[in-house]
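Notes for the structure review
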Amino acid sequence: MPHPQLRVTNQDREQVVEHVKAAYAEGRLDKHEMDERLHLAMTARTHADLVPIMNDLYGTRPAYVPRPPVHQPGAAAPDGGDRVGAAASHLFGLMGLFIIGPLLMMVTAGRTSPYIRKHAVESLNFHLTMLGATVLLPFTVVGLVLVPVIWVVGLVLCVVGGVSALAATEFRYPLTIRLIK
């Protein structure tokens, strides 16, 4: 459980709202109590503000439940093949296929699986951004020092993206120019 004084995100609030609505639908709360809890959840600033809303519904459980894997709304959860294909889109960078690997995954498996396509596009955009940085940064003195650091961080992010795809969670590379949609 996060520190009680840690500020909550909109996703944390929405998650508590979903639990309150589910409790109302199950008949554990009446309309007035639901409205009161929804107001408290939407105005909560810290995790300590969310704890009383959920405690009597779930006992001593944390005031939040870990976020479920993220996938397209209304779509079925990605199966094992989709997750492996999406992870391959990210991990091709470790084999030296920085742009070609994600591009192949996007045009082949991405046609049948929106999950693979989403990860392949994200990986392709990242690798195109890395290529641009590698070409442009050496024109500056600081850039000569940064290029190796950027590539090491880029390889680590490829692994993180691959693991995220296998876990069926959403992953977005930081500082990426998204040229391909």
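Read on for an overview of the structure.

Rules of the game
Residues numbered from 1 in each chain as written. Predicted model: local features only at pLDDT ≥ 70, side-chain atom pairs only at ≥ 80, totals over all residues. Heavy atoms only, no water. Axes fitted to C-alpha atoms, helices over the stretch in contact; angles between N-to-C directions. Helix = DSSP H or I, 4+ residues; strand = E, 2+ residues; numbered from the N terminus. Parallel < 35°, antiparallel > 145°, perpendicular 65-115°, else oblique. Contact = heavy atoms within 4.5 Å. Polar contact = N/O pair within 3.5 Å; in protein donor to acceptor, adjacent residues only side chain to side chain. Phe/Tyr/Trp six-rings, centres within 6.5 Å; stacked < 30°, edge-to-face > 60°. Buried < 20%, exposed > 50% of the residue type's maximum accessible area, 1.4 Å probe, protein only.

Some words on the packing of helix α4 (residues 80-91) against helix α6 (residues 114-136)
Where α4 contacts α6, the two axes come as close as 8 Å, and the packing angle between them is 5 degrees. If you check the angle between α4 and α6, you find them roughly parallel. Facing α4, whose interface residues are Gly81, Asp82, Arg83, Gly85, Ala86, Ser89 and His90, α6 presents Tyr115, Ile116, His119, Ala120, Ser123 and His127.

Some words on the side chain of Arg37
For Arg37, the location among the structural elements is in helix α2 (residues 31-43). Of the polar contacts made by the side chain of Arg37, one reaches the backbone oxygen of Ile53; its length is 2.5 Å. Residues in contact with Arg37, not counting those within four places in the same chain, are Val20, Leu29, Ile53, Asp56 and Leu57.

Considering the packing of aromatic side chains
For the structure shown, the criterion picks out three aromatic pairs. Ring centres 4.9 Å apart and planes at 70 degrees place the aromatic pair Phe98 and Trp151 in the edge-to-face group. Of this pair, Phe98 sits in the loop between α4 and α5 (100-107) while Trp151 sits in helix α7 (residues 141-166), and the two are 53 residues apart along the sequence. Seen in terms of ring centroids, Phe126 and Tyr173 are 4.0 Å apart; in terms of plane orientation they differ by 10 degrees. Their pairing is stacked. In this pair, Phe126 sits in helix α6 while Tyr173 sits in the segment after α7, placing the two residues 47 residues apart along the sequence. By relative accessible area, Phe126 is classed as buried at 5%. By the ring-pair criterion, three or more aromatic residues cluster together here, those being Phe126, Phe171 and Tyr173.

Considering unusual backbone geometry
A negative phi angle is the norm for most residues apart from glycine, just as the trans form is the norm for most peptide bonds. In the Ramachandran plot, Ala168 falls in the positive-phi region, its phi being about 60 degrees despite a non-glycine side chain. Tracing the backbone shows Ala168 in the segment after α7. Residue Ala168 is classed as buried on the basis of its relative accessible area of 7%. Phi is positive for Leu175, close to 50 degrees, though the residue is something other than glycine. With respect to the helices, strands and loops of the structure, Leu175 is situated in the segment after α7. In this structure Leu175 comes out as exposed when scored by relative accessible area, which is 84%.

This is a description of form; function is not addressed.
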